[in-house]
Amino acid sequence: PDADEFDDLDADGFELVGGPGVYNSDAIGFGPWDLYAASAWGTGKSQQNAAEVRALLKRKPRAVVVIVSSRKSLSAQLAADIGAVSYDRIRGNLDAKKHPITVWQVDSLARIGPDVAPDLVIIDELSQLTAHAWQNSNGGGNKAAAGVSSLRALVERADRIIVSDN
C-alpha cells in the first residue's frame, strides 16, 4: 500500500519518523516477509533493523540472527545496540547456539558454516558491501569476493532477510 499520514513506525518506544513514503508501516509491520528498505543516510534504517531484531527475539528468544555490514563502526554500534557478538570476538567458525546474534563483515562470512540456518539475515548497505567485494576481485584471493558467495548461501538458508541501503 501507499504511504499515508499513519505510516510512522513505533517499535519498543522508538519512533521512526521519516515523512510520508520513507517508511511504510503497512508494508513493514514486523511481519515474516523479506524487506528491502532504501533511503538516505541518517533516516533510521539501522534503528529499524535493531527494532526488527528485538521484535523477533520477543517472539523467539533463541532466534539466530546474522547481520552483515560493510562498515566496522556500524558493526560495532549494531552489536552494542542489540547485544550481538561481533565476528572479531568469535574464534573459529560460528557456533550459533553459543552466539545466536552476530554481526559480520563480508570478508569473514566463510566462518559461518552450512549448518547455520538463520531466522533472520540483515544485510546493511548492500551497495557498499558489493563494491568492496569487487574492487580487488581481479587479483584473486579476495576474501570479500569469496564472502559474497558465502552470503548468497546464507541468504538461501535464512527464514527471512532484510536488506537496507541508501
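Going by the structure above, here's the rest.
Just so you know, the residues in each chain are numbered from 1, in the order the chain's sequence is written. Predicted model: local features are reported for residues with pLDDT of at least 70 only, side-chain atom pairs are reported and counted for 80 or more only, and whole-chain, interface and lining totals are derived from all residues. With hydrogens and water stripped out, all remaining heavy atoms of the structure feed into the side-chain values.

Trainee: How should I be thinking about the overall build of the protein chain in this particular structure?
Mentor: Helix and strand definitions follow DSSP, with helices as H or I runs of at least four residues and strands as E runs of at least two, each counted in order from the N terminus. The helix and strand inventory of the protein chain stands at four helices and eight strands. When its helices and strands are written in sequence order, the protein chain yields β-β-β-α-β-α-β-β-β-α-α-β. Of all 166 residues assigned to the protein chain, the portion counted as buried reaches 46%. Residue contacts are defined here by distance: any two heavy atoms, one from each residue, within 4.5 Å place the two residues in contact. For the protein chain, the share of sequence-separated contacts (at least 6 apart) that also reach a separation of at least 24 residues comes to 65%. For every accessible area listed, the method is Shrake-Rupley and the probe measures 1.4 Å; residues are considered covered only by the protein chains on display. Roughly 8,700 Å² of accessible area belongs to the protein chain as shown, and the carbon and sulfur atoms make up 52% of that amount. Each residue's exposure class comes from its accessible area (1.4 Å probe, protein chains only) as a fraction of the maximum for that residue type: buried when under 20%, exposed when over 50%, partly exposed otherwise.

Trainee: Quick question: what am I supposed to make of the pattern of salt bridges here?
Mentor: Think of it this way: side chains of opposite charge can pair up when their charged atoms draw near. Salt bridges are identified by distance alone: a Lys or Arg side-chain nitrogen within 4 Å of an Asp or Glu carboxyl oxygen. All chains considered together, the criterion is met by three salt bridges. Between arginine 160 and glutamate 52 there is a salt bridge, and its shortest N-O distance comes to 2.9 Å. Here glutamate 52 lies in helix H1 (residues 45–59) and arginine 160 lies in the loop between helix H4 (143–157) and strand S8 (161–165), a separation of 108 residues in the sequence. Residue arginine 160 is classed as buried on the basis of its relative accessible area of 7%. Residue class for glutamate 52 comes out buried when judged on its relative accessible area of 2%. The residue arginine 152 makes a salt bridge to glutamate 156 at a minimum N-O spacing of 3.4 Å. Of this pair, arginine 152 and glutamate 156 are both found in helix H4, four residues apart, which corresponds to roughly one turn of the helix.

Trainee: What should I look at first to understand the packing of helix H3 (residues 126–135) against H4 in this one?
Mentor: To describe two helices that pack against each other, one gives the angle between their axes and the distance between the axes. Note on geometry: axes are lines fitted to C-alpha atoms, helical ones only across the stretch in contact, with angles between N-to-C directions running from 0 to 180 degrees. At a minimum axis distance of 7 Å, the contact between H3 and H4 shows a crossing angle of 130°. When the axis of H3 is compared with that of H4, the two are oblique. Touching Leu129, His132, Ala133 and Trp134 of H3 are Ala144, Ala145, Val148 and Leu151, all from H4. Residues belonging to the contact of H3 with H4 are distributed by class as follows: seven nonpolar, one polar and no charged. Working definition: roughly parallel below 35 degrees, roughly antiparallel above 145 degrees, roughly perpendicular at 65 to 115 degrees, and oblique for all remaining angles. Residues are grouped as follows: nonpolar covers Ala, Val, Leu, Ile, Met, Phe, Trp, Tyr, Cys and Pro; charged covers Asp, Glu, Lys and Arg; every other residue, Gly included, is treated as polar.

Trainee: So what exactly am I meant to see when it comes to the packing of H1 against helix H2 (residues 72–82) here?
Mentor: In the contact formed by H1 and H2, the axes pass within 10 Å of each other and the chain directions differ by 35°. Crossing of H1 against H2: the hand is right-handed. Of H2, the residues touching H1 (which contributes Ser46, Ala50, Val53 and Arg54) are Leu74, Leu78, Asp81 and Ile82. Considering only residue class, the contact of H1 with H2 consists of five nonpolar, one polar and two charged. In this scheme, a crossing is called left-handed if the near helix is turned counterclockwise away from the far one by less than a right angle; it is called right-handed if the turn is clockwise.

Trainee: So what exactly am I meant to see when it comes to the nonpolar core here?
Mentor: Soluble globular proteins: nonpolar side chains tend toward being buried together. Val66, Trp104, Leu109, Ile112 and Val121 are the most contacted members of the largest nonpolar core, which has 23 residues in total. Secondary-structure elements contributing two or more residues to this core are strand S4 (65–69), strand S7 (120–124), H3, H4 and S8. Among the elements that take part in this core, H4 stands out by supplying four residues, more than any other. With residues near it in sequence (within four places) discarded, leucine 109 still touches Val68, Trp104, Gly147, Ser150 and Leu151. Grouped together as the second largest cluster of nonpolar side chains are 16 residues, Leu56, Leu74, Ala84 and Leu120 included. Put simply, buried Ala, Val, Leu, Ile, Met, Phe, Trp, Tyr and Cys residues joined by side-chain atoms within 4.5 Å make one nonpolar core.

By themselves, these are just geometric observations and shouldn't be taken as functional.
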